Each structure stands twice: as C-alpha cells, then as structure tokens.
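# Chains, contacts and geometry: an overview
Spelled out, the chains give:
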Amino acid sequence: MDNAAIADVFDEMAQLLEFRGENPFRIRAYTNGSKAIRELDESVAAILADPERDLSKVPGIGKTLAEKSKVLVETGSLPQLETLRKEIPEVVIQMARIPGLGAKKAVKLQQELALESLGDLRKACHEDKISSLKGFGAKTQAAILDGLSIAEAAAARIYWCDADELAASIGRHMESCKVISKMQWAGSYRRGRETVGDLDLLVVADDHAAVMDHLEAYHSHSQTIVRGDTKISIRVGKSFQVDMRVVEADQFGAALQYFTGSQAHNIHTRRLAKEQGLKINEYGVFQLDDESRVAGSTEQDVYAAIGLPWIAPELREDRREFEAAASGTLPELIETEDVIGDLHMHTNATDGTATIREMADAAIARGLQYIAITDHSKRVSMAMGLDEKRLREQWKAIDEIRSEYDGRLTILKGIECDILERGGMDLADDCLAEADWVLASIHYGQKQPRDQITERILGAIENPHVSCIAHPTGRLINRRPPYDVDMDAVMTAAKKHGTFMELNANPARLDLNDLHLAAAKRMGIPIVISTDAHSIDGLGVMQYGIKQARRGGLTKADVANTRPWSEWTK
DNA sequence: GCCGTTTTCGGCCCGACTGTTTTCAGTCG
Ligand SMILES: Nc1nc2c(ncn2[C@H]2C[C@H](O)[C@@H](COP(=O)(O)OP(=O)(O)OP(=O)(O)O)O2)c(=O)[nH]1
Ligand SMILES: [Mg+2]
Ligand SMILES: [Mg+2]
Ligand SMILES: [Zn+2]
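Residues numbered from 1 in each chain as written. Chains lettered and ligands numbered in written order. Predicted model: local features only at pLDDT ≥ 70, side-chain atom pairs only at ≥ 80, totals over all residues. Heavy atoms only, no water.

- Naming follows an unreviewed UniProt entry, where chain A appears as DNA polymerase beta of Rubripirellula lacrimiformis.
- In UniProt, chain A has this text filed under Cofactor (unreviewed entry): "Mg(2+)".
- The record in UniProt for chain A states the following under Subcellular location (unreviewed entry): "Cytoplasm". (UniProt positions renumbered as here; feature names shortened; annotations may be inferred.)

### Looking at the coordination of the magnesium ion (ligand 3)
- Surrounding the magnesium ion (ligand 3) are the protein donor atoms Asp 198 (OD), Asp 198 (OD), Asp 200 (OD) and Asp 243 (OD), which sit 2.1 to 2.8 Å from the metal.
- Considering all six donor atoms around the magnesium ion (ligand 3), angles at the metal cover 50 to 171° and the coordination shape is irregular.
- Mapping the donors of the magnesium ion (ligand 3) onto the primary sequence yields the spacing D-x1-D-x42-D. (Donors = N, O, S within 2.8 Å, 3.2 Å for Na, K, Ca; no water. Tetrahedral: all angles 85-135°; square planar, octahedral: opposite > 155°, others 65-115°.)

### Focus on the sheet that holds strand β6 (residues 231–236)
- Pairing is mixed in the open sheet, where five strands are placed in the order β2-β4-β7-β6-β5. Among the strands making up the open sheet, the edge pair consists of β2 (180–186) and β5 (223–227). For this sheet, the mean inter-axis angle between neighbouring strands, taken without regard to orientation, is 20°. (Pairing = 2+ DSSP bridges. Helix = DSSP H or I, 4+ residues; strand = E, 2+ residues; numbered from the N terminus. Axes fitted to C-alpha atoms, helices over the stretch in contact; angles between N-to-C directions.)

### Overview of the UniProt feature "domain: Polymerase/histidinol phosphatase N-terminal" (unreviewed entry) in chain A
- Residues annotated by UniProt as "domain: Polymerase/histidinol phosphatase N-terminal" (unreviewed entry) correspond here to residues 341–421.
- Secondary structure across residues 341–421 comprises 31% helix and 19% strand; the distance between its end C-alpha atoms is 31 Å.

### Structural notes on the site of ligand 1
- Around ligand 1, the surrounding shell holds 15 residues, and the nearest of these are Arg 157, Ser 188, Arg 191, Gly 197 and Asp 198.
- Asp 200 is positioned such that a nitrogen or oxygen atom in its side chain is 2.9 Å from an oxygen atom of ligand 1.
- Separating an oxygen atom of ligand 1 from a side-chain N or O atom of Gln 263 is a distance of 3.0 Å.
- Here ligand 1 has 600 Å² of accessible area as a free molecule, and 72% of this is covered by the chains.
- Every element with two or more residues in the shell around ligand 1 is listed here: α11 (187–190), α13 (252–260) and α14 (263–275).
- Residues that form the shell around ligand 1 fall into these classes: three nonpolar, seven polar and five charged.
- Domain assignment of the residues forming the shell around ligand 1 places at least three in each of domain 2 (159–246) and domain 3 (251–327). (Near = heavy atom within 4 Å. Polar contact = N/O pair within 3.5 Å; in protein donor to acceptor, adjacent residues only side chain to side chain. Areas by Shrake-Rupley, 256 points an atom, 1.4 Å probe, with all protein chains shown as cover. Nonpolar A, V, L, I, M, F, W, Y, C, P; charged D, E, K, R; others polar. Domains from an automatic or database assignment.)

### Section: the coordination of the magnesium ion (ligand 2)
- Looking at the magnesium ion (ligand 2), one finds its protein donor set to be Asp 198 (OD) and Asp 200 (OD), positioned 1.9 to 2.1 Å from the metal centre.
- If you look at the magnesium ion (ligand 2) and the magnesium ion (ligand 3), they sit 3.5 Å from each other and are both ligated by Asp 198.

### Considerations on the pairing of β6
- Of all six residues that make up β6, five are buried, and the element is covered over most of its length.
- By the bridge criterion, four bridges tie β5 to β6 in an arrangement that is antiparallel. Each residue of the ladder has a partner; that of Arg 227, found in β6, is Ile 232.
- Connecting β5 to the antiparallel partner β6 that follows it, the hairpin turn spans three residues.
- Connecting β6 to the next strand, strand β7 (residues 240–247), in antiparallel fashion are three residues, including Gly 237 with a positive phi near 65°. (Buried < 20%, exposed > 50% of the residue type's maximum accessible area, 1.4 Å probe, protein only.)

Dropping the structure here:
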C-alpha cells in the first residue's frame, strides 16, 4: 500500500469518527496523520522495512498511527476502518453534504427517522416529520429541503482554470459596485491549487450590506446560503459556492492572510503567534495580555509580527514553508515570463490542429525562443502517430523552414515516443538518436500492476536517447487516477541517468503534481514545464503549469526551459 | 491521537452565523 492509499484510509477514519461524535482533537490527529503521510517524500513501506528507522518519529505520527500504517502495509486493510464502515450508515455521509447539516444532526435525523437514503430524507421533509424533532424546527427542515439538491449533486471540485474564468466574471460584476475600495480573491484559488472547492472573495468597504446586495445580484439564479454582518455565502449555478468577507481597510492584511489559508497554514501561524504571546485572527495581530493591536494592515506586517518574512500563497499548505521562512530559505518562485521554451506540442501531422509554421508563429507571439515539435509515435494509431519514415519527413520539413526562423525561434526536432505495453520504445533507436529532443510517455496499458508499469518507465529512463518522461503519472484530474507507479524508483532513476521530468501544464493533467515537484527539486532532478499543445491556443496553458511549479517551490533555476537552448547540457 | 528549552498531563486556532437556545451547540470559514 502506498502513502496516498494509507493517507486516504486515515482521512476516511477521521470522517467516520466524526459521525461517532469522537473527540475533535482525536479526529484532527487522524487528519494530521493523513497529511503527514501524504506529503512524506519517502514510502512508508520503506521506512517500516528499515529496522533503523521509526515511523513514529515523523511529526504527526505517533505510536497508534504508526502501528496502523504497519497493518495497512502488511495486510492492505485496517480492521478499525472496516468496523467503522459497518457502524456508520452511508446515508449520513451523504446527508452531511447538505449545507448547515453536519455530523451530529445527520446522525440524529438518521436514527430518529430510520432514514436509508436521501430520498427518505426528502420524504420526511415533505411529511413535516423533522420540524417537530427536539433541536430541529421549521427553518431547519426548510433548509434541509433546500440543500438536498446540493447533496444529491455531490459536485466535484473544479479545475483552477475554470475557477479563474468564474472569478473573472464575478470580478467584472463586482467592479461596478461603487462602495468597494479594495477587492482580492483568496482561498485555494489564490494559492493556485489544481482544483478549487469554492471561491473566496475579500472586500474592503464601509457599507457591508451594499456589497452583499451586489454579490447577491451577480446571477439571477444565485441563492444566499448564509448572510451576516461581515460574511456571506452564495450559491451560483447548480451548487458552486462563493464566500465573501467584508472588512475595514486597516484589517485587510490580517483578513487576507486568514482568508487565503490554507486552514493548516492558519493553524500553524496562530500557534506560532501564541507561543510568542500574540494572537492572530482575521482582524489583526494582538498582544495576548492587553489585547493591544500590533499588526494587520498588510500580510507582510502579519508575518513580520511573528518574526517571519512574507510567504507566497502557493506555499501556504503547512508543508515546509515555516521551516524555510524561519531560516530565510524561502524559494524565489518561478514566473510565467521566465519560461522561454516549450518542449511538448503536436501538429496536424498527428492529433494537433495546426501546422509547424502556425505553432512556430504562435510560439514567437508568446515570447518563446525555442520549441520542440513532439508528435505522437506510430503505436498511438488513434492520433495517426508517426512511424520512422513519416517522422524523418517531418524533420526534413523542419530543416527546410529553420532558416526562416533564424534568430527568432529555434525549432527542435522532437517526438513523443510511446513506451510500449511490453516495455521498450515504439521507434527504433537509430531514429531516436537523430532527434534533438525525445519525450517518452505511456498511452496504453495504464492499468498494469505496479512492478510492470514501473519497469516500463525505468526502461525508458535508462534509454540514452530519451530526454524526458512526459506526464509521468498519467493522471487526469477528476477523471482518471495515476498509474500505480513507484515514483521513488522513477525519480531515483531519473536522477541517475540525467533524464528530465515533465510538468505537463494541461490543466487536466498538471503532472507531475506539486508534491512530486517538491520531491524532484530536493533530489536535484531538473523539471521541464510543457504545454502539450494540440493547437495554437494550447500554448496558453503554460500559466497553469507555472502555478503548480510554484506550489512545488520551484525557482527559475529548477526549471530547465527557462534557459536558452544553447546552454542545455544533455 | 499527538506532543513537550517551563509540561508525560492537559492542551490542541479563532471567530461568524443560525436556530431554538433561555445561554449555546452545531456548523462552517
Ligand atoms: N483559521 C482558520 N481559517 C480557516 C478555517 N477554515 C477555513 N479557513 C480559512 C482558510 C481557507 O483557505 C479560507 C477559505 O476556506 P475554504 O473552506 O473555502 O477553503 P479553501 O479555499 O482553502 O479550499 P477549497 O478549495 O475552497 O476547499 O478560510 C479554520 O478552521 N480556521
Ligand atoms: Mg475556498
Ligand atoms: Mg470558502
Ligand atoms: Zn503529447
């Protein structure tokens, strides 16, 4: 069992324990343990296998969680989880997706009314069976009925790029609100997470009610979930939520720090403050003894008050940013403008829509200095992948137009060569040897067992003609899980053989992810951020890759395609 | 359940909003 699977078990334990009314701190211990294991850069199995090592030395993992991890690695399941799954009816978990209905109320309703499905709950509302229960009333019953569709929809988190569009649209609407003096998006959107659960907007204004009225008017079908004096939550579309917090100008920094999160980052920040005799909330930084305010108008002030430099939002996940901030080793994160080459794109020779020239012109327009044309190889027949003959013809065509682009753009002769299901490369070595740039990637046999698929990728890494492994884990966010590949082994081999690893910037891929990127950086493996464009517009996804790279703590120096092609050493 | 330059026990971030509460629990950010 790999770390992610163990972490999933602890997350599920935490969720189920909540429905049993457990001590909230015990529940958080499971959540913290899950996070610690998910973000660990070596495998739990490897630590357990080494008698010199002790898993319970990992912060957040004590005797109990270490023991449970051991059981999971050895047997693949956890008896305590199986017991909890039997004990907690599935329907209460679904019920808790209704806004305002949490674990305690869900359990009470389920027990009192013997509910077995959300349909039963809807029926109970219609038959007016809830308003008479102790602790419930007419309003609660109405709110449940209202929120049932959200629970039934069970909507997934949306891609960052889609959140970006919605944020722009809401932003344009809010701009016409004259009482707003300052406005800033916060939450996971500001942190650049690959998916966003809801949007969080921070606003400075004197007239709170007017701003809230304005937000409510964003969409004729938007609904207000909660609304008070300082915050409001609305629902736009089917179930997507937008939260807005309204504060005074001198609270802006503290409020932005609070609202940007993450939750774990906030908890850590506030604990550090407390240790220094201070208190941080969304209104400012205060002395614990006399409540006097010491900071809060800017984020910089808030962090400075606890002796830290400003921390970039992308790093605020309570991973290692506090360590780095305290020691003055926060990375200077890469920016989109730093990227001057793009080494993964397709043309209409395979499944792209544009010609080489069109891609080249679009790359110049985007300020790039070099590109590699990397169409599919023959095994990818659905995309009309190239055999050696067609590929050499394409390279000849590139040779012929190179002079046209002299001094403006270097066009590299590349290929995205399939790693065959039985292992080995789809194209002959003598052909690959003639390329400037060879991507290797998996398209078939994605569900092969761990050893087999890992061996295939290791084989590609060991091939001296392979420059880079493209979309190394194969995941499609919200759609397809990653290959069951041993990434420790892959990264170790990549380091040994000097093979680059791709960060595929397609917003559905973002592969490698932030955690892998951070691990790769620590190992000294250079990253290439590529668009995998299939059209000229496809070159525009670079910005999403940059977000993910920043979350991984990458600097300009960590990313190879920030350097001129002439300086590349291979 | 985890943790420890004051602690091996007793804390664990801090506050807004809602409903049915007569003083606060539950839920959420
Ligand atoms: N101090 C503190 N702040 C919190 C807590 N929960 C949320 N926040 C802050 C930090 C979050 O980033 C911010 C927005 O909350 P959200 O629930 O929208 O979370 P976030 O945007 O991080 O992730 P999301 O993609 O929306 O699930 O509010 C909490 O328990 N304590
Ligand atoms: Mg959010
Ligand atoms: Mg939110
Ligand atoms: Zn591709």
